Amino acid sequence: MAHFLFFLLAIVCIGAVVAMIFSKNQAYNALFIILLFVCLAGLFGLLNAPFIAVIQIIVYAGGIMVLFLFVIMMIDLQEGIPPERKRWTIGLSFLIAGVLIIELLFALKGFLFPAQAATAGSPGSPTDLGRLLFTKYLYPFEITSVLIIVALVGAMILVKKKDSD
Amino acid sequence: MVPTSYFIILSAILFVLGAFAFFVKRDLITQFLCIEVMLSAANLAFIAFAKSASSLDGQIIVIFIITVAAAEAAVGLAIILLVYRQKKTIKSEDMNLMKG
């Protein structure tokens, strides 16, 4: 099972990057990279790092890529999808909805018939990570917070329009 | 259990593909995406080694890498937006102000 999941996710990862190399549309490129990040989160889950997997999806796929898509929309160098090509998206959305309902049923099955105990003590749990982050890695943690403030203030000052414009 | 070497090989392949795409692509946004791909490949290697060494330090480093990537994306996209406002293009071969 683990081997099957690994090879499935690995093939999708490599396929997403290769598709990005061949694609000309920047918005499609960003969507391919979101696919890559989600598959990488699955691989992190295989490697006993569930917290990193969640962080990967929330910060990378949710935060950074939305920032990329906003900038791509603001730059707007190419025309959008012509309407006649949007037919296949209906089938795709049905497929994704079906996969999602099956997945939710699986999750509910685990909730209704609790088979295993909670994995709070497993390696890679948020408890252990947080303890390590605030003891051994306290100085890098604080320096990173300063870095984020500098980066965000710098970004806002960079893109601010001048008053004379 | 999947051996660690598989993950390392996948990480190397992703890193090389990202570097290749960085040199092949011609617009700044896609090149920036390629940098993110390379960072993620490094993350995968860190987590694979953290598991094989059964230590949490690799996962902590990945948290720092993701944070730095977020800061880098904010500043880099701001710079790309500025370049687009000034030159009305984001093709990287048009960035020849310094005659490089």
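Our subject is the structure listed above.
Residues numbered from 1 in each chain as written. Chains lettered and ligands numbered in written order. Predicted model: local features only at pLDDT ≥ 70, side-chain atom pairs only at ≥ 80, totals over all residues. Heavy atoms only, no water.

### Points about the nonpolar core
Convention followed: Residue types Ala, Val, Leu, Ile, Met, Phe, Trp, Tyr and Cys, when buried and joined through side-chain atoms within 4.5 Å, form a set referred to as a nonpolar core. Remark: exposure states derive from per-residue accessible area (1.4 Å probe, protein chains only) relative to the maximum for the residue type, with buried under 20%, exposed over 50%, and partly exposed in between. The numbering of helices and of strands both runs from the N terminus, where a helix is a DSSP run of H or I of at least 4 residues and a strand a run of E of at least 2. The split into domains, and so the bounds of each, comes from an automatic or database assignment of domains.
Counting residues in hydrophobic clusters, the biggest one holds 65 residues, and the most contacted among them are Leu-36, Leu-43 and Phe-68 of chain A together with Phe-7 of chain B. For this core, the secondary structure elements donating two or more residues are helix H1 (2-22), helix H2 (26-46), helix H3 (50-75) and helix H5 (126-135) of chain A together with helix H1 (4-24), helix H2 (28-52) and helix H3 (57-87) of chain B. Per element, the largest residue contribution to this core is 12 residues, and it comes from H3 of chain B. A domain split of this core shows at least three residues from each of domain 1 (1-77) and domain 2 (125-165) of chain A.

### A short note on the side chain of Gln-56 of chain A
Which entries qualify depends on this criterion: We call two residues contacting when some pair of their heavy atoms lies within 4.5 Å.
The topology assignment puts Gln-56 of chain A in helix H3. The class for Gln-56 of chain A is buried, based on a relative accessible area of 0%. Residues contacting Gln-56 of chain A, with those up to four places away along its chain left out, are Phe-37, Leu-40, Ala-41, Phe-44 and Ala-61 of chain A together with Ser-40, Asn-43 and Ile-66 of chain B.

### Quick look at the pattern of salt bridges
Condition: A pairing counts as a salt bridge when a side-chain nitrogen of Lys or Arg comes within 4 Å of a carboxyl oxygen of Asp or Glu.
In total, this model carries 2 salt bridges over all chains according to the counting rule given. Two residues, Asp-57 of chain B and Lys-136 of chain A, come together in a salt bridge whose shortest N-O distance is 3.4 Å. Taken as a pair, Asp-57 of chain B in helix H3 and Lys-136 of chain A in the loop between H5 and helix H6 (138-159) lie in two separate chains rather than in one. Taking the relative accessible area as the measure of exposure, Asp-57 of chain B reaches 23% and is therefore partly exposed. For Lys-136 of chain A, a relative accessible area of 54% corresponds to the exposed category. Between Glu-93 of chain B and Arg-26 of chain B there is a salt bridge, with the nearest N and O atoms lying 3.6 Å from each other. Linking Glu-93 of chain B in the segment after H3 with Arg-26 of chain B in the loop between H1 and H2, this pair joins segments that are 67 residues apart in sequence. Note on Arg-26 of chain B: relative accessible area 40%, which makes it partly exposed.

Take it as geometry only, folks, not as evidence of what the structure does.
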